[in-house]
Structure formats: C-alpha cells, structure tokens
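Here are the chains, one letter per residue:
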Amino acid sequence: MTPIQEQLVALAGVFQAAVLVDRIAKTGQAGEAAVGCLMGTLLVMDPKDTLDVFGGDDLNLHEGYRALASALERDPATLQREPLRYALAMLGLERQLSKRDDMLDTIGKRLPQIKSQVEHFGIAHENVIAASGALYQDTLSTLRQRIQVHGDMRNLQQPNNASKIRALLLAGIRCARLWRQVGGHRWQLVISRRKLLKELYPLLHR
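Quick caveat: nothing in here was measured; it's all calculated off a predicted structure. (Residues numbered from 1 in each chain as written. Predicted model: local features only at pLDDT ≥ 70, side-chain atom pairs only at ≥ 80, totals over all residues. Heavy atoms only, no water.)

Engineer: Help me get a handle on the overall build of the protein, residues and values and all.
Structural biologist: When its secondary structure is counted, the protein shows 11 helices and zero strands. Its helices and strands taken in sequence order, the protein reads α-α-α-α-α-α-α-α-α-α-α from the N to the C terminus. Relative to the compact-globule value of 17 Å for 206 residues, the protein shows a C-alpha radius of gyration of 16 Å, a close match. Along the three orthogonal principal directions, the C-alpha set of the protein runs to about 40 × 40 × 35 Å. Out of the 206 residues belonging to the protein, those deemed buried represent 50%. Within the protein, counting contacts between residues at least 6 apart in sequence, those at least 24 apart form 80% of the total. With an accessible surface of roughly 10100 Å², the protein has 50% of that area assigned to carbon and sulfur atoms. Between the averaged position of the 27 positive side-chain charges in the protein and that of its 21 negative side-chain charges there is a distance of 7 Å. (Helix = DSSP H or I, 4+ residues; strand = E, 2+ residues; numbered from the N terminus. Rg over C-alpha atoms; globule rule 2.2 N^0.38 Å. Buried < 20%, exposed > 50% of the residue type's maximum accessible area, 1.4 Å probe, protein only. Contact = heavy atoms within 4.5 Å. Areas by Shrake-Rupley, 256 points an atom, 1.4 Å probe, with all protein chains shown as cover. Lys, Arg positive; Asp, Glu negative; His and termini not counted. Charge placed at Lys NZ, Arg CZ, Asp CG, Glu CD.)

And the structure:
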C-alpha cells in the first residue's frame, strides 16, 4: 500500500462510521460485521499498519470508500450529504480532542475496561456498545462543537440505537486520529482531490 492509500484506509473508516450512523438514524439497522469492525478500531493500541486497525483487511470499509469517493468526486447524483457532514464533523472533533489531554486521559483509562468487556461478551454486544457510547457521551459530546444526527425520531429515541450511534462516532473519531497520524490533512480533501481519487479507485474496485 502507498502512504496515500494508508491515509485513505483510515479516512474510509471515518466515512464508514458516518454511513452507519446515518443508516441507524434513518432505518434503525446496521450490519453487525460492519459495526464490529469499527468497534474493533477502538481496541487496537499498537497497530503494525493501518489495515491492522480494521482487523487486517478492508472488507468492511467498502461503503466508506464509496462515500469518500462520492465526496471527492463532488457529483450531486451520488453525493451522500449526511454522511459527508458527519465525517467532516468527526474530523473537526478529533482536532479539538487532540488539544484536550484530560479527555484523552479519560478515554485512555476507560478503553481497557471496554476491552475486558469485549473479551467477556464479544465486540458487538450491547454492553460493549453501551460502554463505548457512554464514553463518547462523557467526553466528546461535552465539547462545544456537537454532531447533530438527523433521522427518524422513533429510531433515535431507542436507547440501543442512541448508544450505537455514539459508539460509532467515537470509533469514527479514532479513525480520524489514525488518519492524521499517518499524515492526513484536511486541505488534501480540497487541493489533492484528483490525486486521492486516483489512489482510491484501486481500493474501491478490488
């Protein structure tokens, strides 16, 4: 993988989280494998490469690749507006989080507790989702910039869905952090669109 493709894998994680948040908000449903893949990103502390964060392959990132491609192509016919809004908001929140050592410390202390729950219950268990959602609520949702999720109120008001959305936002912000760690910058999305698309298409079509 090229360095830019490593960045695109991490960025696809952000967009994958955004797509799943949008789907849960609108339909109340999301595939367990896709949710599990993103939840797993919270627990990989010392990855050997970017794909390692997602369990070693990008099988569960294809919707993220597609949403990212539509954002970079700027084609009104395929653009997924809500996922794009959520993805950009997660990138913004990660920037704020990076300046808050107290919040990073809280997250760092609570993730091992969540990891031990995963060992006991499994990655997509409702207890794990609830603990991850609560961690998001206690930290990132207290920042001034909030992510407003739009959808069907009947879905949004269900506690399980609300927890899942918060847990996925936390995972998306983890992917945003990874993206920056491997050299990603927001200005790339504006001035390097064609270059990014050229490297993204092979990932999208394999």
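Still more ground to cover, so stick around.
Engineer: Run through helix H2 (residues 32-41), naming residues and quoting values.
Structural biologist: Of all 10 residues in H2, eight are buried; the element is thus mostly enclosed. When H2 is considered as a whole, its buried residues turn out to be Ala34, Val35, Gly36, Cys37, Leu38, Met39, Gly40 and Thr41. Looking at the packing, one finds that the buried side of H2 touches helix H1 (3-27), helix H3 (50-53), helix H7 (126-138) and helix H9 (159-181).

Engineer: Quick rundown of the packing of H1 against helix H4 (residues 62-73)? Include the residues and the values.
Structural biologist: Closest axis-to-axis distance for the H1/H4 pair is 7 Å, and the angle between their directions is 100°. Comparing their axes, H4 and H1 come out roughly perpendicular. Contacts between H1 and H4 pair Leu8, Val9, Leu11, Ala12, Phe15, Gln16, Val19 and Arg23 from the former with His62, Glu63, Gly64, Tyr65, Ala67, Leu68 and Ala71 from the latter. When grouped by side-chain class, the residues that make up the contact of H1 with H4 number 10 nonpolar, three polar and two charged. (Axes fitted to C-alpha atoms, helices over the stretch in contact; angles between N-to-C directions. Parallel < 35°, antiparallel > 145°, perpendicular 65-115°, else oblique. Nonpolar A, V, L, I, M, F, W, Y, C, P; charged D, E, K, R; others polar.)

Engineer: Describe a nonpolar patch on the surface, with residues and values.
Structural biologist: A grouping of Trp187, Val190 and Ile191 is seen on the molecular surface, where their side chains present a nonpolar patch of about 360 Å² in accessible area. Mapped onto the secondary structure, valine 190 falls in helix H10 (residues 188-191). (Patch = residues over 30% accessible without salt bridge, like charges linked within 9 Å, V, L, I, M, F, W, Y side chains within 5 Å. Salt bridge = Lys/Arg side-chain N within 4 Å of Asp/Glu carboxyl O.)

Engineer: I'd love a proper account of the packing of H1 against helix H11 (residues 193-204), names of residues and values included.
Structural biologist: H11 packs onto H1 with a crossing angle of 75° between their chain directions and a minimal axis gap of 9 Å. It follows that H1 is roughly perpendicular to H11 by the angle criterion. Facing H1, whose interface residues are Ile4, Gln5, Leu8 and Val9, H11 presents Lys195, Leu196, Glu199, Leu200, Pro202 and Leu203.

Engineer: Describe the side chain of histidine 62, naming the residues involved and giving the relevant values.
Structural biologist: On the secondary structure map, histidine 62 appears in helix H4. The residues touching histidine 62, leaving out its near neighbours within four places in the chain, are Gln16, Leu203, Leu204 and Arg206.

Engineer: Give me the lowdown on unusual backbone geometry, citing residues and values where you can.
Structural biologist: Phi is positive for arginine 74, which is not a glycine, with a value near 55°. Along the chain, arginine 74 turns up in the loop between H4 and helix H5 (81-97). Residue classification places arginine 74 among the partly exposed positions, given a relative accessible area of 48%.

Engineer: An account of the environment of glutamate 6 is needed here, citing residue identities and associated values.
Structural biologist: Position of glutamate 6 among the secondary structure elements: in helix H1. For the pair glutamate 6 and aspartate 49, spaced 43 residues apart in the sequence, the C-alpha separation amounts to 8.0 Å. Residues within four places of glutamate 6 in sequence aside, it is in contact with Met1, Asp49, Thr50 and Val182. In terms of polar contacts, glutamate 6 uses its side chain to reach the side chain of threonine 50, at 2.3 Å. (Polar contact = N/O pair within 3.5 Å; in protein donor to acceptor, adjacent residues only side chain to side chain.)

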